[in-house]
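One letter stands for each residue in the lines below.
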Amino acid sequence: MNFNKLFVTFFGAGLAPQAPGTVGSLAALVVGVIILQFFPMQTLFLLTLVITIIGIFEINKYEKATGIHDDKRIVIDEVSGMWIALMLAVATASSMSYAYANEIAIVVSFAAFRLFDIWKPSTIGTIDRKVKGGLGVMGDDVLAGVAGGFLTIVILMGLDKVL
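Our subject in this report is the structure included herewith. Values in this document were obtained by computation on a predicted structure and should not be read as measured data. (Residues numbered from 1 in each chain as written. Predicted model: local features only at pLDDT ≥ 70, side-chain atom pairs only at ≥ 80, totals over all residues. Heavy atoms only, no water.)

Focus on the layout of surface pockets
The gaps of empty space that remain are located by a probe, the size of a water molecule, rolled over the atoms. Quantified by volume, the largest pocket comes out at close to 230 Å³. Contributing to the lining of the largest pocket are 17 residues, with G21, K72, E78, D117 and K120 lying nearest its centre. Broken down by class, the residue content of the lining of the largest pocket amounts to five nonpolar, one polar and 11 charged. (1 Å grid on protein atoms, 1.4 Å probe; cavity = no way out; pocket = protein on both sides within 12 Å on 5 of 7 lines; lining within 4 Å. Points joined across faces, edges and corners; volume = space filled by probe spheres on them. Nonpolar A, V, L, I, M, F, W, Y, C, P; charged D, E, K, R; others polar.)

Notes on the packing of aromatic side chains
Overall, the coordinates contain four aromatic pairs when judged by the stated rule. In textbook terms, an aromatic cluster arises when at least three aromatic residues are bridged by ring pairs, as seen for F10, F11 and W83. (Phe/Tyr/Trp six-rings, centres within 6.5 Å; stacked < 30°, edge-to-face > 60°.)

Describing the packing of helix α5 (residues 101–119) against helix α7 (residues 133–162)
The contact between α5 and α7 brings their axes to 8 Å, and the two run at 140°. As summarised for this structure, α5 and α7 are arranged oblique, according to the angle between their axes. Classified by chirality, the crossing of α7 by α5 is right-handed. Residues A101, I104, A105, V108, S109, A112, F113, L115, F116 and D117 of α5 pack against D140, D141, A144, G145, A147, G148, L151, T152, I155, L156 and L159 of α7. Residues that form the contact of α5 with α7 fall into these classes: 14 nonpolar, four polar and three charged. (Axes fitted to C-alpha atoms, helices over the stretch in contact; angles between N-to-C directions. Helix = DSSP H or I, 4+ residues; strand = E, 2+ residues; numbered from the N terminus. Parallel < 35°, antiparallel > 145°, perpendicular 65-115°, else oblique. Left-handed = near helix turned anticlockwise from the far one by under 90°. Contact = heavy atoms within 4.5 Å.)

Things to note about the nonpolar core
Counting residues in each nonpolar core, the largest one holds 33 residues, and the members touching the most others are I76, M82, W83 and L86. Contributing elements (two or more residues each) for this core: α1 (3–8), α2 (20–38), α3 (41–66), α4 (76–93), α5 and α7. Considering each element in turn, this core owes the most residues, nine residues, to α4. Contacts of I76, omitting those with residues within four sequence positions, involve F7, V8, F10, I51, G55, I59 and M138. Counting seven residues, the second-largest nonpolar core is a separate cluster that includes A93, M96, Y98 and L156. (Core = buried A, V, L, I, M, F, W, Y, C linked by side-chain atoms within 4.5 Å. Buried < 20%, exposed > 50% of the residue type's maximum accessible area, 1.4 Å probe, protein only.)

Laid out in structure tokens, this is it:
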């Protein structure tokens, strides 16, 4: 396996025979949580930025080599989106006063990101359908990550009011 395929499949997570996007998101979640255990949030932010930018170019190379746009094996876009949702959720959870806020944030950020990534409402769907190449593949997941992160924030704040 060459670097390009290793990168766009997030070290093979996208090669899962069933639900590669969900497997890629789950792998990203695990790696993101591990990174946050050992490094500050800024490190995950910078990694997300770098992976997103490199991802656009690597996806363009992959699509040119395979002739397939938005191949289901490409999950590096899920990594960027999942990490964005995770960062927003964990940053908010740190200010919550109830028990297990961080754990709830992790689980809800995954579910919320997957919701927006699969559903693709509004601008997320427009980008997915109309923007070609790596920018389109990465763009809809970045927006799904932002939307999933904001939904998680709303849920965490709601729980803070009732718990």
